[in-house]
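Fold and geometry: a report
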Amino acid sequence: MSYEEISKSVVFAQNDWGSNSVCIALEKELYFIDTGLNTSRATKFRKAMETKFNRKASTLILTHGHVDHILAMNAYSDLEVVGAEIGKKRFERIAKVELTEEMIENMDKFFVGFRESAKEAKAFLPTKWVKDKITLGDNQEIIFNVVGGHSSCSSSIEYVPDGIIITGDLMQVDVYPYFGEPDTDVEKWINALKTWEEKDYKVVLPGHGKAVDIKYLRTVRIFFEQMLATTKELKKKDLPVEEVLKHPIYTDGYWPEDAIRKPAYDFSIKNLYNNL
Ligand SMILES: [Zn+2]
């Protein structure tokens, strides 16, 4: 995990064991966004930030209820935890789950570091449920907005003073994105990207990968628009899904040439195609 100072008040922890995390230092308290998979790493990040800013953590915000973003939440068990109400069932499922050996083996194939993180993992439910939008902080510096798209509970966090948007998995940088959930909504996804583009944020902090700018976000939005339009055209021809997967629109995206096309990406395309 490497820590990057994005502004005087915002530190970005880029993580390869599950999602990235962010710390926002308000005048009297620290806010954290997403946890990654590993409780020890999350605890280390929290402690480093409490030392750096010389103030205590008060709140953890979750961008959505996917396991790679919340499994390390035990590092923040004494804080207020904010999540989107529409994801309640998904959060409950993860909080209740007992990690069997079979499950660990399975998850370890999808998530680097899962096995090492499972031992100390203890997820629980958010303490504050949000329906659509709230502002947080003494001076209302933080806006939490339920936008949907990647999952129905996908939410963004805006840090208003510095023009920073934290996107969760609506931005997955330099990788083939995952959009294969039953509640993924690509139209909503594109709308969220468009809204952020219009607001012209200074910095975009993604759920996975490095910090980027609005120019990069635009390439992601264009990819999703073209990919959706092409998939709709292919659907009209009623091609078998194996043929669909070979179309170049799915190969030439916004990611670098050496990015690895994993089965989860093809699963996403199949899901989108079958559900159109
Ligand atoms: Zn996700």
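Our subject is the structure listed above.
Calculation criteria
Residues numbered from 1 in each chain as written. Predicted model: local features only at pLDDT ≥ 70, side-chain atom pairs only at ≥ 80, totals over all residues. Helix = DSSP H or I, 4+ residues; strand = E, 2+ residues; numbered from the N terminus. Rg over C-alpha atoms; globule rule 2.2 N^0.38 Å. Buried ≥ 20, exposed ≤ 12 C-beta atoms within 10 Å, placed from the backbone. Contact = placed C-beta atoms within 7 Å. Expected span 1.5 Å × (residues − 1). Arc of directions from axis to C-beta. Pairing = 2+ DSSP bridges. Right-handed = clockwise from strand over helix to strand, strands pointing away.

**A closer look at the overall build of the protein**
Within the protein, the secondary structure is distributed over nine helices and twelve strands. For the protein, whose C-alpha radius of gyration is 18 Å, the value lies close to the compact-globule estimate of 19 Å for 276 residues. Each principal axis of the C-alpha distribution contributes one length, and for the protein these read about 60 × 45 × 35 Å. In the protein, which comprises 276 residues, the proportion classed as buried is 42%. For the protein, restricting intrachain contacts to residue pairs at least 6 apart in sequence, the fraction spanning at least 24 positions comes to 64%.

**Examining helix H6 (residues 186-199)**
An α-helix turns once every 3.6 residues. As a result, residues three or four positions apart point the same way. With 14 residues, H6 extends 20 Å between its outermost C-alpha atoms, agreeing within 8% with the 20 Å of an ideal straight helix rising 1.5 Å per residue. Listed as buried for H6 are Trp189, Ile190, Ala192, Leu193 and Trp196. When H6 is viewed along its axis, its buried side chains cluster within an angular range of 160 degrees and face the same direction. The exposed residues of H6 that point more than 90 degrees off its buried face are Glu187, Glu198 and Lys199. On its buried face, H6 is in contact with strand S10 (155-159), strand S11 (164-172) and helix H7 (214-237). Just past H6, the residue Asp200 takes up positive phi, approximately 55 degrees.

**Brief notes about the pairing of strand S3 (residues 21-25)**
Within S3, five of the five residues are buried, leaving the element largely enclosed by the surrounding structure. Residue alternation in S3 divides its side chains into two sets, Ser21, Cys23 and Ala25 and Val22 and Ile24, and both sets are buried. Relative to S3, strand S2 (residues 10-14) is paired through four bridges, and the arrangement is antiparallel. Bridged to Ala13 within S3 is Ser21. Between the antiparallel neighbours S2 and S3 lie six residues, among them Gly18 with a positive phi of about 85 degrees. Here four bridges tie S3 to strand S4 (residues 30-33), and the two strands are oriented antiparallel to one another.

**Quick notes on the pairing of strand S12 (residues 203-208)**
The buried fraction of S12 is high, at five of six residues. In the sheet, S11 pairs with S12 via five bridges, with the strands oriented parallel. Across the sheet, the residue bridging to Gln172 is His208, located in S12. Tracing the backbone out of S11, into H6 and back to the parallel element S12 gives a crossover that is right-handed.

**Overview of the environment of Phe179**
Looking at the element boundaries, Phe179 is found in the loop between S11 and H6. For the pair formed by Phe179 and Phe124, sequence separation is 55 residues and the distance between their alpha carbons is 25 Å. The residues contacting Phe179, other than those within four sequence positions of it, are His150, Thr184, Val186, Ser268 and Leu272.

**Points about the environment of Val82**
Residue position: Val82 is located in strand S6 (residues 80-84). A count of 22 C-beta atoms within 10 Å places Val82 in the buried class. Separated by 23 residues in the primary sequence, Val82 and Thr59 have C-alpha atoms spaced 7.5 Å apart.

Keep in mind these numbers describe shape, not what the thing actually does.
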